[in-house]
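Each chain, written out:
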Amino acid sequence: MTSADIIARLEQQVGDKIKSKNLEAIDAFVVVEPSNLLAVCRFLKTDSRLEFDFLNCISGVDYLEIDPKKVAKAGFEPHLEVVYHFSSFRYKHRFVLKVVLPRWKDDKPGELPEVPSVTPLWRTADWHEREVYDLSGVFFTGHPNLTRILLAEDWVGHPLRKDYEFPLEYHGIRGR
Amino acid sequence: MGWLEGRFEESVITTSLEQAINWARESSMWPMTFGLACCAIEMMATGASRYDIDRFGAGAFRATPRQADLMIVAGTVNFKMASRVRRLYNQMPDPKFVIAMGACTCGGGPYYKYGYNVVKGVDLVVPVDVYVPGCPPRPEALLEGLMRIQDKVKAMKDLTKGQPLTVPIPSRTGYTLLPPELNDADPQKAQEKQNEFARRTKEKAAPAKA
């Protein structure tokens with residue numbers, strides 16, 4: 001199945017849970033609300049014609065232009081995206097799903113946006129979600145052990161956020 | 001050694017205790033088996049048969065800091081690793097020496113500007129004796145760094161304390177001896193010859209059009 005077929009199948013079966021779709025992109029994708037993510041993912045995994053039994057990757061993308069001169073040309077509002085790449089061993093097809101989030105929950109800086117965890121469906125998601133939490137600052141609700149995976153436990157901030165400020169000092173070692 | 005020299009049997013040599021100890025020490029620097037990133041691969045190559053760091057007496061890589069004299073910090077040190085590096089350094093017995101191998105350990109290297117988790121030089125964590133720049137440095141460069149450590153050991157004055165520490169004079173300079181056709185008494189002429197040679201080699205190395 002091509003991505004277009006998969007999107008058609010999704011719209012037919014769980015059309016009310018799909019927020020938007022993009023067929024022009026190189027990898028066509030759909031966008032879902034965080035509240036509908038688990039239902040759509042469960043459908044993707046269990047449907048007999050899709051059977052996405054493998055979660056390749058979860059990525060966090062921060063859309064923010066920090067240069068005030070380029071903000072007008074940036075072409076997007078500041079937001080955060082979580083991108084899921086799936087593939088199926090049985091049907092040898094792939095699919096991309098995105099969740100669009102505000103950069104901060106309720107626009108309060110420091111409050112991480114929340115997404116339901118997909119660890120009940122794919123065990124791989126455990127470490128992927130920890131990495132996204134660690135570097136991009138997305139809180140995955142229902143994750144069994146959401147701690148930092150790469151950086152030290154006592155690290156402050158999420159370094160792959162565009163507005164991240166580098167530490168001046170870490171445990172007595174000068175940072176820059 | 002003055003009037004003492006040559007007065008004894010053939011197998012007896014005279015030296016000062018300090019020199020003898022320094023000679024023994026510099027001839028068997030034991031590095032620690034300790035690599036953090038890609039520079040460690042180059043360090044392994046230095047230890048292997050082609051470059052053979054054992055020729056300089058530093059081939060016995062110890063698996064514990066308690067038996068090592070020399071820490072070759074080979075690779076990027078990040079903040080999470082820095083405390084471990086410092087602990088390893090503290091566990092080494094005195095006298096101990098540190099070589100900062102590679103651009104990352106010398107000053108952050110390619111991670112200097114955007115590396116949020118990289119220590120900008122291992123000298124912020126442990127005292128460094130010799131810096132070996134390069135990304136990664138060639139094995140020859142690491143051997144050169146080892147020789148500088150040996151010079152430093154040679155100049156150690158443990159037994160005669162109270163003397164000022166002097167900058168060691170390198171016993172092996174590491175300069176390349178140029179063949180006579182590239183050398184000249186006049187430095188400017190020599191430079192011209194070398195540039196000409198470099199130009200010719202570059203032309204020779206240029207890919208031929210198929």
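What you are looking at is a predicted structure, and each value in this text was computed from that prediction instead of being measured. For every chain, the first residue of the written sequence is number 1, and numbering continues from 1 along that sequence. Key to labels: chains lettered from A, ligands numbered from 1, both in the order written. Residue-level local features of this predicted model are given only where pLDDT is at least 70; pairs of side-chain atoms are given and counted only at 80 or more, and the full residue set underlies all totals for whole chains, interfaces and linings.

### Thoughts on the overall build of chain A
The condition that has to hold: Working definition: helices are DSSP H or I runs of at least four residues, strands are E runs of at least two. Numbering for both runs from the N terminus. Buried, partly exposed and exposed are defined by the number of other C-beta atoms within 10 Å of a residue's own C-beta, namely 20 or more, between the two limits, and 12 or fewer respectively, with C-beta atoms placed from the backbone. Contact between two residues is assigned when their C-beta atoms, built from the backbone, lie within 7 Å.
A count of helices and strands for chain A gives four helices and nine strands. Secondary structure elements of chain A occur, N-terminal to C-terminal, as α-β-β-α-β-α-β-β-β-α-β-β-β. Its C-alpha atoms put chain A at 55 × 40 × 25 Å along the principal axes. Residues counted as buried form 23% of the 176 residues belonging to chain A. Long-range pairs, those at least 24 residues apart, make up 50% of the contacts in chain A with a sequence separation of at least 6.

### Observations concerning the packing of helix H1 (residues 17–27) of chain B against helix H5 (residues 139–154) of chain B
Residues and elements named next belong to chain B. Rules: Only the contacting stretch of a helix is used when fitting its axis, a line to C-alpha atoms as for every element, and angles between N-to-C directions run 0 to 180 degrees. To sort the angles, those under 35 degrees are grouped as roughly parallel, those over 145 as roughly antiparallel, those from 65 to 115 as roughly perpendicular, and the leftovers as oblique. By definition, turning the near helix anticlockwise from the far helix through less than a right angle yields a left-handed crossing, and turning it clockwise yields a right-handed one. The nonpolar class holds Ala, Val, Leu, Ile, Met, Phe, Trp, Tyr, Cys and Pro. Asp, Glu, Lys and Arg form the charged class, and all remaining residues, Gly among them, are polar.
Running from N to C, H1 and H5 cross one another at 160 degrees; their axes reach a closest spacing of 9 Å. Regarding the angle of H1 to H5, the classification is roughly antiparallel. Considering how the two elements wind past one another, H1 and H5 form a crossing that is right-handed. Counted together, Asn22, Arg25 and Glu26 of H1 and Gln150, Val153 and Lys154 of H5 form the full contact between these two elements. Grouping the constituent residues of the contact of H1 with H5 by class yields one nonpolar, two polar and three charged.

### Some details on the interface of chain B and chain A
On the side of chain A, nine residues touch chain B, which itself brings ten residues to the contact. Classifying every residue of the side of chain B that touches chain A gives six nonpolar, two polar and two charged.

### With respect to the packing of helix H2 (residues 39–47) of chain B against H5 of chain B
Residues and elements named next belong to chain B. At a minimum axis distance of 9 Å, the contact between H2 and H5 shows a crossing angle of 75 degrees. By the angle between their axes, H2 is roughly perpendicular relative to H5. Along its contact with H2, which presents Glu42, Met43, Ala45 and Thr46, the element H5 presents Pro139, Leu142 and Leu143. Looking at side-chain class alone, the contact of H2 with H5 contains five nonpolar, one polar and one charged residues.

### Some words on H5 of chain B
Residue and element names in this part refer to chain B. Let me state the cut-off plainly: How far a helix is expected to stretch is found by multiplying one less than its residue total by 1.5 Å. In this description, the arc belongs to the directions extending from the helix axis to the C-beta atoms.
In this model H5 runs 22 Å from its N-terminal to its C-terminal C-alpha over 16 residues, within 8% of the 22 Å that 1.5 Å per residue would give. Leu142, Leu143, Gly145, Leu146, Ile149, Gln150 and Val153 are the residues of H5 that are buried. The arc enclosing the buried residues of H5, seen along the axis, measures out at 155 degrees, which places them on a common side. Its buried side turned inward, H5 meets H1, H2, strand E1 (70–74), strand E2 (97–101) and strand E3 (130–132).

### Examining the sheet that holds E2 of chain B
All names here are of chain B. Selection criterion: A strand pair is defined by DSSP finding two or more bridges across the two strands.
Sheet architecture is open: three strands sit in the order E1-E2-E3, paired in parallel fashion. Each of the sheet's edge strands pairs with one partner strand only, and the pair in question is E1 and E3. Between one strand axis and the next, the sheet turns by 20 degrees as a mean value, whatever way the strands run. Across the face of the sheet, H2 comes into contact with E1 and E2 while running at roughly 130 degrees to E1. Sitting on the sheet, H5 is in contact with E1, E2 and E3, with an inclination near 170 degrees to E3.

### Let's talk about the environment of Asn145 of chain A
Structurally, Asn145 of chain A is set in the loop between strand E7 (139–141) and strand E8 (169–170). Separated by 24 residues in the primary sequence, Asn145 of chain A and Glu169 of chain A place their C-alpha atoms 28 Å from one another.

### Brief notes about helix H1 (residues 3–14) of chain A
Residues and elements named next belong to chain A. Compared with the 16 Å implied by 1.5 Å per residue over twelve residues, the 16 Å span of H1 between its first and last C-alpha is a close match. Restricting attention to buried positions, one finds in H1 the residues Ser3, Ile6 and Leu10. The arc that holds every buried residue of H1, seen down its axis, measures 60 degrees, which confines them to one face. Seen from the open side of H1, the exposed residues pointing more than 90 degrees away from its buried face are Ala4 and Gln12. In this structure, the buried residues of H1 make contact with strand E1 (18–22), strand E2 (29–32) and strand E5 (94–101).

### Some thoughts on the pairing of E2 of chain A
A regular strand places its side chains on the two faces of the sheet in alternate fashion. Residues and elements named next belong to chain A. The side-chain alternation of E2 yields one buried face, formed by Val30 and Val32, and one unburied face, formed by Phe29 and Val31. Looking at chain direction, E1 and E2 are connected through four bridges and run antiparallel. Bridged to Ser20 within E2 is Val31. Between E1 and the antiparallel strand that follows it, E2, lie six residues. Sheet analysis places E2 next to E5, joined by four bridges and oriented parallel. Across the sheet, the residue bridging to Val31 is Lys98, located in E5.

The quantities given are spatial measurements derived from coordinates; they are silent on function.
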